[in-house]
Amino acid sequence: FSSLTAQRAVFSKSQVASVLKFPIAIPGGNFVAGSSVTFRITATSSRFRSQFSYSEITLRVNSLPSGGFFSVSPRVGTALSTAFTFLAYGWIVDSDNLPISYSFYYFASLSGPPLSVSLASSSNTASSTLPAGIATVHNALITS
């Protein structure tokens, strides 16, 4: 798989003498839904290479939600005045992925990051006013 962070690191004796955090970031699309992935961390002595210990965890890769719909109402409004309602409904997920968590976003530029309308929650709806849209696409905003 492809990782956004280093997969190997060397730590000093003082670093490993306490709790050590080693986060790893992996972009989407690396794993097949329904498969299992095992992550293993191995610690090896720098003086005695044959001495090592490891710990591992196996995770099941979730399937993507399917069959649902997303809508925004009203479809047209006034910047920072009209309250837009975001609604997601009818989504189907594996039973071990319940409850479903919803997040709503919009894009204020074609190349910019998504901007949050609501934090992740079990509510399948959110309402918000929105800023002016993208001038090059008739002041529209892209929602997701």
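Residues numbered from 1 in each chain as written. Predicted model: local features only at pLDDT ≥ 70, side-chain atom pairs only at ≥ 80, totals over all residues. Heavy atoms only, no water.

Student: Now, about the overall build of the chain: what can you tell me, with residues and values included?
Tutor: Of regular secondary structure, the chain possesses one helix and eight strands. Listing the helices and strands of the chain from first to last along the sequence gives α-β-β-β-β-β-β-β-β. Considered along the principal axes of its C-alpha atoms, the chain spans approximately 70 × 35 × 25 Å. Counted over contacts in the chain with a minimum sequence separation of 6, partners at least 24 positions apart contribute 42%. With the model as given, the accessible surface of the chain reaches about 10,700 Å², and the carbon-plus-sulfur share is 58%. (Helix = DSSP H or I, 4+ residues; strand = E, 2+ residues; numbered from the N terminus. Contact = heavy atoms within 4.5 Å. Areas by Shrake-Rupley, 256 points an atom, 1.4 Å probe, with all protein chains shown as cover.)

Student: Go over the packing of aromatic side chains with me, naming the residues and quoting the values.
Tutor: Following the criterion strictly, the structure yields five aromatic pairs and no others. Relative to phenylalanine 86, the ring of phenylalanine 70 has its centre 6.3 Å away and its plane inclined at 35 degrees; by these criteria the two rings are tilted. Note that phenylalanine 70 is positioned in strand β3 (residues 69-73) and phenylalanine 86 in strand β4 (residues 84-89), a separation of 16 residues in sequence. Phenylalanine 70 gets classed as partly exposed once you look at its relative accessible area, which sits at 33%. The exposure class assigned to phenylalanine 86 is buried, which follows from its relative accessible area of 0%. Judged by centre distance (5.9 Å) and plane angle (45 degrees), the rings of phenylalanine 86 and phenylalanine 104 are tilted. Of this pair, phenylalanine 86 sits in strand β4 while phenylalanine 104 sits in strand β5 (residues 102-107), and the two are 18 residues apart along the sequence. An identical accessibility class is assigned to phenylalanine 86 and phenylalanine 104; each is buried. (Phe/Tyr/Trp six-rings, centres within 6.5 Å; stacked < 30°, edge-to-face > 60°. Buried < 20%, exposed > 50% of the residue type's maximum accessible area, 1.4 Å probe, protein only.)

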